[in-house]
Number of protein chains: 2
Amino acid sequence: MKLLQEKILSDGSYSAGGIVRVDSFLNHQIDTAFLHEIALEFARRFEKGAPTKILTVEASGIAIAALTGYVMGGLPVVFAKKGYSANLGTDAYYTTTIHSFTKGIDCGLIVSKKYLAPEDRVLILDDFLATGEAITGLIRIVREAGAQVAGVGAVIEKSFQEGGQKLRDRGIRVESLAKIQSVNNDEIAFC
Amino acid sequence: MKLLQEKILSDGSYSAGGIVRVDSFLNHQIDTAFLHEIALEFARRFEKGAPTKILTVEASGIAIAALTGYVMGGLPVVFAKKGYSANLGTDAYYTTTIHSFTKGIDCGLIVSKKYLAPEDRVLILDDFLATGEAITGLIRIVREAGAQVAGVGAVIEKSFQEGGQKLRDRGIRVESLAKIQSVNNDEIAFC
C-alpha cells in the first residue's frame, strides 16, 4: 500500500535494531482519516474470505479492528485482554501466554468463551507483525474455540523477522500493508 | 440515547453493587455498527465545540474515540497509555496517577508531549463515567499541556456515583449517552 509507505517515511521514525515507530499516526496518536484508508484496504483484501468476526489484542489493534469491522458491514470485533482483568467477572475464557520482546515480559491473552464459536471465521488484525508472538497467540485461541482463521492482516510487517514467514509456511493467508525489508539508522527499505 | 438504553437492557447485564457489564457490545466484543451510531451521537453533541483532538485512555475508550474521530471529519485521537511502555522511547511525556476501583490498584496514565499542544481543544471520551478517576486524570493532562477541555463524553454514566456531578460542578460540559440512576440485582433504572 503505497500511501502507507509514504506515511511511514513522512511521519514515522526508525533507528538501529530494527525499531520502527509509528506512534504519530497509528499506536499512540491515531490519524483517523488515514486509518479509514487502512480499513478499506483490509476490507478489499479479506472480503472474499467472508469473515464473521475480527479478533485483535489490546491496545494498538483496537482502532484498526474497529474501523475495519465498521467498513466491512458491521463485523463484530473482539479484543483479547492482556493479563487478568476483574471486568471479565466469572466468565469462562480462553487464555494463552505470549512473550513481549518489546517489554521483555511474558503476558497472558484472555478472551471470553462467549465471543468465539466453532462456526466463526476469524480475521485476525494487528498493527505489527514481527516475531509473530501476539498473532500466533490469537491463532491458538481461535483454534481452541474450534473456529477457523479466515486470515491475518498486519498494518506493518517486519520481513526481516520470522513471524510472517512462519505463518505463511503453515498455510495461513497473511496480508501486510507495508513490508519492511530492513531498517538502519536513517534508512528504511520496503520489500 | 434511546437506542443505547435498549441495547443495555437487551445485551448488557447488571448485578448488585452497581455493576453494569457491556462486554458483549462495547468493551470486550464490539458491535461496530452500533458503535458507529454512538460515534454519530457524540459528533452531533460536540460539533459546536469544534474540538481539534480526541483524548481517551486504553483500552476500552479506543474504539469509541476512533469511530468518533472518523465521523467528525478525521479528528486525530490520542490514547493515554497505562503504566510505563517501552514503546514511548525517550520522549518527554505527561503523566498522572489514577486509582482503578475496579482493579483496586493505582495506575499511571502517560501521554507523549508531542501530541497535545496549548492550541488544542480536547474532547475527552470514555466508555464509563462513574467515580470519574480516569477522566479527571485525562483533564489534568490536558491542563498540564496548556490546552482546553472542549467537553467530556461518556457512553454510560453511573449517576449514582459522584464523578459526573463533580465535573459539571467545575463547569465542564459532560454528555453521557445513557445515565443509570440505580442498579439492583435484576433491575436497572435510567435517569
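Residues numbered from 1 in each chain as written. Chains lettered and ligands numbered in written order. Predicted model: local features only at pLDDT ≥ 70, side-chain atom pairs only at ≥ 80, totals over all residues. Heavy atoms only, no water.

Trainee: Summarise the overall build of chain A; cite the residues concerned and give the values.
Mentor: A count of helices and strands for chain A gives five helices and eleven strands. Taking 2.2 N^0.38 as the reference for a compact globule, 191 residues should give roughly 16 Å; the C-alpha atoms of chain A span a radius of gyration of 16 Å, in line with that estimate. Counting only C-alpha atoms, chain A reaches 50 × 35 × 35 Å along its principal axes. The buried share among the 191 residues of chain A stands at 59%. (Helix = DSSP H or I, 4+ residues; strand = E, 2+ residues; numbered from the N terminus. Rg over C-alpha atoms; globule rule 2.2 N^0.38 Å. Buried < 20%, exposed > 50% of the residue type's maximum accessible area, 1.4 Å probe, protein only.)

Trainee: I'd like a description of the interface of chain A and chain B, backed by residues and values.
Mentor: Counting residues at the interface gives 39 residues for chain A, matched by 39 residues for chain B. Regarding the contact of chain A and chain B, the summed buried area is about 3,300 Å², with carbon and sulfur atoms giving 59% of it. We note a salt bridge from A:Asp23 to B:Lys114, for which the minimum N-O separation is 3.9 Å. Contributions of two or more residues to the side of chain A that touches chain B are made by strand E3 (29-30), helix H2 (32-46), helix H3 (61-71), strand E5 (77-82) and strand E7 (105-112) of chain A. Bridging between E3(A) and strand E5 (residues 77-82) of chain B involves two bridges; their strand directions are antiparallel. (Contact = heavy atoms within 4.5 Å. Buried area = accessible area lost by both parts, 1.4 Å probe. Salt bridge = Lys/Arg side-chain N within 4 Å of Asp/Glu carboxyl O. Pairing = 2+ DSSP bridges.)

Trainee: Outline unusual backbone geometry, supporting the account with residue identities and numerical values.
Mentor: All names here are of chain A. Residues Glu58 and Ala59 are joined by a peptide bond in cis, for which omega reads 0 degrees. Of note, Ala59 is situated in the loop between strand E4 (53-57) and H3. Here Ala50, not a glycine, exhibits a phi torsion of approximately 45 degrees, which is positive.

Trainee: Outline the nonpolar core, listing residues and values.
Mentor: In this structure, A:Leu4, A:Ile8, B:Leu4 and B:Ile8 are the most contacted members of the largest nonpolar core, which totals 76 residues. In this structure A:Leu4 touches A:Phe25, A:Phe34, A:Ile38, A:Val155, A:Leu177 and A:Ala178, once residues within four positions along its chain are discounted. (Core = buried A, V, L, I, M, F, W, Y, C linked by side-chain atoms within 4.5 Å.)

Trainee: How would you sum up the packing of aromatic side chains? Please name residues and give values.
Mentor: Residue and element names in this part refer to chain A. This model, assessed by the stated rule, comprises four aromatic pairs over all chains. Ring centres of Phe25 and Phe34 lie 5.6 Å apart, and the angle between their planes is 90 degrees; this geometry places the pair in the edge-to-face category. For the residue pair Phe25 and Phe34, the accessibility class agrees, reading buried in each case. Sitting above the plane of the Phe34 ring, Lys7 keeps its charged end 5.2 Å from the centroid. (Phe/Tyr/Trp six-rings, centres within 6.5 Å; stacked < 30°, edge-to-face > 60°. Lys NZ or Arg CZ within 6 Å of the ring centre and 35° of its normal.)

Trainee: Tell me what's going on with the environment of A:Ile135, and back it up with residues and numbers.
Mentor: Residues and elements named next belong to chain A. Within the element layout of this structure, Ile135 appears in helix H4 (residues 133-144). The buried category is assigned to Ile135, whose relative accessible area is 1%. Considering only alpha carbons, one finds Ile135 and Thr56, 79 residues apart in sequence, at a separation of 8.3 Å. Contact partners of Ile135, with chain neighbours within four places excluded, come to Ile124, Asp126, Phe128, Leu129, Val152 and Leu167.

Trainee: Quick rundown of the packing of helix H2 (residues 32-46) of chain B against helix H3 (residues 61-71) of chain B? Include the residues and the values.
Mentor: All names here are of chain B. Where H2 contacts H3, the two axes come as close as 8 Å, and the packing angle between them is 60 degrees. It follows that H2 is oblique to H3 by the angle criterion. Considering only the axes of H2 and H3, their crossing is right-handed. Contacts between H2 and H3 involve Leu35, His36, Ala39, Leu40, Phe42 and Ala43 on the former and, on the latter, Ala63, Ile64, Leu67, Thr68 and Val71. (Axes fitted to C-alpha atoms, helices over the stretch in contact; angles between N-to-C directions. Parallel < 35°, antiparallel > 145°, perpendicular 65-115°, else oblique. Left-handed = near helix turned anticlockwise from the far one by under 90°.)

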